[in-house]
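# Notes for the structure review
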Amino acid sequence: MDQESPSQPAVNRNEFVRSLSTGLRVLESFSAVEPKLTLSDVARRADVSRATARRMLLTLVHEGYAYTDGRFFELTPRVLGLGQGYWSGRGWHELLQPSLRELSGQLAESCSAALLVGDEVMYVCRVHTRRIMRIDLALGTKLPAFATSMGRVLLSGLDDETLEERLRTTERRAFTARTVTDPHRLREIITAVRTDGYALVDEELEEGLRSVAVPARDGSGRIVLSLNTSISAGKESAQESLDRTLPHLLHSAAAVEDLILTLGEDVGRLTVPQGL
């Protein structure tokens, strides 16, 4: 006797809800590459009639899961709430992996996300393309915040008094000849990060390594985490690296902020790498 697959159990006609199946196909028609679709686009991608696609889309609009300007339809961040119960019990790695994978594919570079833990950044997600660092970065790896692009972004979210104390008391050793260790100069750099909205660190942590990072904030504007990409410093100028990567980083950060906003207070329940 054949056994049913646990992932795709058999469903008889009385148990199958065709309208739900159609609605899911309509939702799946949208993608990060083409977030705005016409009625005809959706009908074709979901393999349904225009009338059916119209009913499904207008239902999504009515429930707040989609928006239309009269011609194009686009999903709203409320769609992310459909998986809120699942994600709120998961870890940062699972939450961020899709966004970082897409970002890494766009840039053809390794990309990471980190939280601020004391005087260090802790890697909570990473998509690796090729190794350009001597350090073997993995989930849970910690690096000094003052000398890293993600660290400077995260430090920029501290109030002036806390930042001043952090820079005064933290160990600031020079990793390369370029490492900025003077607390007054670091304060100037981090203050500029607040205004610029990004940090670029060029061969301060390791020779030949350049990185660009941006913040991801919650609904109150607080910096929750930072996203970055690592670049080989020899293949282009620092300005070229910034021009090439920053728009993609900001777009990815906006997507992550939508996720954070949807999770609300549950974002505090996301787990970090175990045993740290």
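Shown above is the structure to which this text applies.
Please read all numbers here as calculations on a predicted model, not as lab measurements.

## Some thoughts on the nonpolar core
Nonpolar side chains tend toward joint burial in soluble globular proteins. Membership of the largest hydrophobic core comes to 30 residues, with the highest contact counts inside it found for W92, L96, L100, L225 and L227. Elements supplying a minimum of two residues to this core: α5 (92-107), β4 (110-117), β5 (120-127), β8 (209-217), β9 (223-232) and α9 (238-263). The contact partners of L96, leaving out residues within four places of it in the chain, are A113, V124, C125, L225 and V256. Counting 25 residues, the second largest nonpolar core, distinct from the first, contains L143, A145, A199 and A213.

## Some points on the packing of helix α1 (residues 18-28) against helix α3 (residues 50-62)
With their axes 10 Å apart at the nearest point, α1 and α3 run at an angle of 80° to one another. When the axes of α1 and α3 are compared, the pair comes out roughly perpendicular. In this structure, α1 uses S19, T22, G23, V26 and L27 to contact α3, whose residues at the interface are T52, M56, L57 and L60. Split into classes, the residues belonging to the contact of α1 with α3 amount to five nonpolar, four polar and no charged.

## Some words on the layout of surface pockets
Think of a ball as big as a water molecule: rolled over the atoms, this probe shows where empty space is left. Of the pockets and cavities examined, the second largest pocket occupies roughly 180 Å³. In this structure, the second largest pocket is lined by S19, L20, G23, L24, L27, M56, T59, L60, E63, Y65 and L82. At the level of elements, α1 and α3 are the ones that each hand at least two residues to the lining of the second largest pocket. No other element matches the five residues that α1 contributes to the lining of the second largest pocket. Of the residues contributing to the lining of the second largest pocket, the split by class is seven nonpolar, three polar and one charged.

## Examining the sheet that holds strand β1 (residues 36-38)
The strand order β1-β3-β2 describes an open sheet built from three strands, whose pairing is antiparallel. Strands with a single pairing partner mark the edges of an open sheet, and in this sheet they are β1 and β2 (66-68). Direction aside, neighbouring strands of the sheet carry axes that sit 30° apart on average. Direction of pairing for β2 relative to strand β3 (residues 72-75): antiparallel, over a ladder of three bridges. Bridged to Y67 within β3 is E74. This element, helix α2 (residues 39-46), spans β1 and β3 of the sheet and lies at about 90° to β1.

## Describing the sheet that holds β8
Pairing is antiparallel across the open sheet formed by six strands, whose spatial order is β6-β5-β4-β9-β8-β7. Because the sheet does not close on itself, it has two edges, and the strands there are β6 (142-144) and β7 (199-202). Adjacent strand axes in the sheet meet at a mean angle of 30° when their direction is disregarded. As defined by bridge partners, β5 adjoins β6 across three bridges and the pair is classed as antiparallel.

## Things to note about the pattern of salt bridges
Enumeration according to the criterion identifies 14 salt bridges in this entry. Between D41 and R44 there is a salt bridge, with its nearest N and O atoms 3.3 Å apart. With D41 and R44 both in helix α2, this residue pair falls three residues apart, about one helical turn. On the accessibility criterion, R44 (55% relative accessible area) is exposed. The partner of R152 in a salt bridge is E204, and the shortest N-O contact between them spans 2.6 Å. Linking R152 in helix α6 (residues 149-155) with E204 in the loop between β7 and β8, this pair joins segments that are 52 residues apart in sequence. For R152, a relative accessible area of 2% puts it in the buried group. Where salt bridges share partners, they join E109, K235, E236 and R244 into one cluster.

## With respect to the packing of aromatic side chains
Under the counting rule described, the total for this entry stands at one aromatic pair. Centroid distance F146 to F175: 6.3 Å. Interplanar angle 35°. Geometry classified as tilted. On the criterion of sequence distance, the pair formed by F146 in the loop between β6 and α6 and F175 in the loop between α7 (160-169) and α8 (183-196) is long-range, its members being 29 residues apart. Residue classification places F146 among the buried residues on the basis of a relative accessible area of 3%. What makes F175 partly exposed here is its relative accessible area of 26%.

## Quick word on unusual backbone geometry
A positive phi is found at D47, a non-glycine position, where the angle reads about 60°. Within the fold, D47 resides in the loop between α2 and α3. What makes D47 exposed here is its relative accessible area of 66%. Even without being glycine, A108 reaches a positive phi, approximately 55°. Take A108: it is sitting in the loop between α5 and β4. Residue A108 is classed as partly exposed on the basis of its relative accessible area of 45%.

What counts, and at which threshold
All residue numbers refer to positions counted from 1 along the written sequence of the respective chain. Selection of residues for local features in this predicted model requires a pLDDT of at least 70, selection of side-chain atom pairs for listing and counting requires 80 or more, and totals for whole chains, interfaces and linings are taken over all residues. As a convention, hydrogens and water are excluded, and side-chain values are obtained from all of the structure's heavy atoms. To qualify as a nonpolar core, a set must consist of buried Ala, Val, Leu, Ile, Met, Phe, Trp, Tyr and Cys residues joined through side-chain atoms within 4.5 Å. Between buried and exposed lies partly exposed: a residue is buried under 20% and exposed over 50% of the maximum accessible area for its type, with that area taken using a 1.4 Å probe on protein chains only. For helices the rule is a DSSP run of H or I covering at least 4 residues; for strands it is a run of E covering at least 2, with both sets numbered from the N terminus onward. By the convention used here, residues are in contact when the closest approach between their heavy atoms is within 4.5 Å. All axes are obtained by fitting lines to C-alpha atoms, using only the stretch in contact for helices, and the reported angles, taken between N-to-C directions, cover 0 to 180 degrees. By the definition adopted for this analysis, an angle is roughly parallel if under 35 degrees, roughly antiparallel if over 145, roughly perpendicular if from 65 to 115, and oblique otherwise. Gly is placed with the polar residues, together with every amino acid not listed as nonpolar (Ala, Val, Leu, Ile, Met, Phe, Trp, Tyr, Cys and Pro) or charged (Asp, Glu, Lys and Arg). Grid points spaced at 1 Å over the protein atoms alone were grouped into cavities, where a 1.4 Å probe fits but cannot get out, and pockets, open sets with protein on both sides within 12 Å along at least five of seven lines, with lining residues defined by an atom within 4 Å of a point. Grid points are joined across faces, edges and corners, and a volume is the space filled by probe spheres set on the points. Two strands are counted as paired when DSSP detects at least two bridges linking them. Definition used for salt bridges: Asp or Glu carboxyl oxygen within 4 Å of a side-chain nitrogen of Lys or Arg. Aromatic pairing here means that ring centres of Phe, Tyr or Trp (its six-membered ring) are within 6.5 Å. Orientation follows from the plane angle: under 30 degrees is stacked, over 60 is edge-to-face, and everything else is tilted.

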